[in-house]
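# Observations on the model geometry
In case you want the letters, here they are:
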Amino acid sequence: MTTKTGKILAFGLAFALAGAANAFSQLDITGRPPVFGGDATLSDALNTALNDQFTNAINEIMGEIGNLNPVPQDFIRSWGNASVFGSHGASQRGFGGYNRFAVSFGAMVGLQLPAGIGDLADDLDNITNTLNTDGDIALGVSPHLFVAQVGINTSRFLRENLYLGLRVGFFNGDAIIPIDGFSFNSFTIGALANYQIIPRVNLAGRFVQWGGVNLGSGLIFSRTAISYGLALERVNQDLGAVGGIANPILHIDPTLYLDMRINTVTIPIEVMTSAQILFLNFALGLGADLAFGRSDINIGMDGDISVSGLGAANVHQVQNGYLSLNAGGAFSPRFINLKMMTGIGFVLGPVFIDIPLTMYVNHGFNVGLTLGFRL
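Below or above, wherever it landed, is the structure these notes cover. The model shown is predicted, which means the values in this text are computed figures rather than measured ones. (Residues numbered from 1 in each chain as written. Predicted model: local features only at pLDDT ≥ 70, side-chain atom pairs only at ≥ 80, totals over all residues. Heavy atoms only, no water.)

### Considering the overall build of the protein
Of regular secondary structure, the protein possesses five helices and 17 strands. Looking at the protein as a whole, 50% of its 375 residues qualify as buried. Considering only residue pairs separated by 6 or more positions, the protein has 74% of its internal contacts joining residues 24 or more positions apart. Accessible area for the protein stands at about 16,500 Å²; split by element, carbon and sulfur atoms hold 60% of it. (Helix = DSSP H or I, 4+ residues; strand = E, 2+ residues; numbered from the N terminus. Buried < 20%, exposed > 50% of the residue type's maximum accessible area, 1.4 Å probe, protein only. Contact = heavy atoms within 4.5 Å. Areas by Shrake-Rupley, 256 points an atom, 1.4 Å probe, with all protein chains shown as cover.)

### Some remarks on the nonpolar core
In this structure, Ile-29, Ile-252, Met-301 and Leu-323 are the most contacted members of the largest nonpolar core, which totals 50 residues. For this core, the secondary-structure elements that each account for two or more residues are α2 (40–65), α3 (73–85), β6 (182–198), β8 (208–231), β10 (249–277), β11 (280–308) and β14 (327–331). Per-element accounting of this core gives the leading share, 10 residues, to α2. Ignoring anything within four residues of it in the chain, the contact list for Ile-252 reads Phe-54, Ala-57, Ile-61, Glu-233, Arg-234, Val-235, Asp-304, Ile-305 and Leu-323. (Core = buried A, V, L, I, M, F, W, Y, C linked by side-chain atoms within 4.5 Å.)

### Describing the environment of Ala-191
Residue position: Ala-191 is located in strand β6. Sequence-wise, Ala-191 and Ile-267 are 76 residues apart; in three dimensions their C-alpha atoms are separated by 9.9 Å. If we ignore the near neighbours within four places in the chain, the residues touching Ala-191 are Gly-165, Gly-218 and Leu-219.

### A closer look at the packing of aromatic side chains
Applying the stated rule across the entire model yields nine aromatic pairs. On the basis of an interplanar angle of 75 degrees and a centroid distance of 4.8 Å, the ring pair of Tyr-98 and Tyr-163 is categorised as edge-to-face. In this pair, Tyr-98 sits in the loop between α3 and β3 (101–112) while Tyr-163 sits in strand β5 (residues 162–172), placing the two residues 65 residues apart along the sequence. Side by side, Tyr-98 and Tyr-163 carry an identical accessibility label, which is buried. (Phe/Tyr/Trp six-rings, centres within 6.5 Å; stacked < 30°, edge-to-face > 60°.)

### A closer look at the environment of Phe-101
Within the secondary structure, Phe-101 is located in strand β3. Phe-101 gets classed as partly exposed once you look at its relative accessible area, which sits at 30%. In the structure, Phe-101 is positioned 62 residues away from Tyr-163 in sequence and 8.6 Å away in space, judged by C-alpha atoms. In this view, Phe-101 contacts Gly-151, Ile-152, Phe-373, Arg-374 and Leu-375; residues no more than four positions away in its chain are not counted.

### Notes on unusual backbone geometry
In this structure, Ala-90 takes a positive phi of about 60 degrees despite not being glycine. With respect to the secondary-structure elements, Ala-90 resides in the loop between α3 and β3. The buried category is assigned to Ala-90, whose relative accessible area is 1%.

In short, the description is geometric, and any link to function would need to be established separately.
Dropping the structure here:
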């Protein structure tokens, strides 16, 4: 992978925002160079040279960020999909049937990938190749690194075998991701309901249990905000000899700005079962996530523009130069997301540890880690 590609792939989350800068180009970069006044003959010659070379500078910047789609629909929608997939943190789905209440804490990451995990791992350059070929890519990620859930058995006061839950999560990436100019924040809140169609059955005391059959649903809201500014390589354009000025040079230090606002509402519909053998717990289920909401992604550019090598020439800058770029779009996540759920957990008395995994149709995934207890 080239140095240029590596720099572009670093635009955003180090583990997932790969290709985001590329994903927003064939971009229409506009702007103008600085304007100089002073000696009329000299300033006119200098301004003419700046206008001529400014176009070359824009082309050089375009070459650095790629030649791709300014409205990458698949990429934008994939971040909404990933938000839906990642909203299931601190899941208790493999440990239903408790007597009074359950409390769990966990982390989960939702992924929308362009291909299967194995294919992507074999060749990471597939991301860049797809961007350069198609101008778009189905790639998104949604980490939810601190989620808590409380579940209550309502059999004593509302309805037998009905379990109600509240899920809350947040992640402040600004504090732990050491990337200058990078901001990442997320928030999740949801109300859940689970009904034991077939209650938990003890087959051999506490050591062999069947978890019965559980039907679950709910309403989960997730909000994610991401922003980042990527400083690109400095562009230098030699203006040549201008009216006796020996070596004036146009300098541009461009910066790409990415801003993402992702808001999703998820209605999960799940049928789960589980089995506990000694200290191991295995879960299996089928279902779908119904998704609503929108992903808004905008990208812009500005740059510090200057001219060196003027020496004592009788000219002075009267207007600043600028760069401008406008790209992005807004799309909804996929409405119906069929899924198969599984997981392996470890049980020690009332304490449980779970590693849930979900595989969605069209190369969606989530994976998490949960620590909890039930009484």
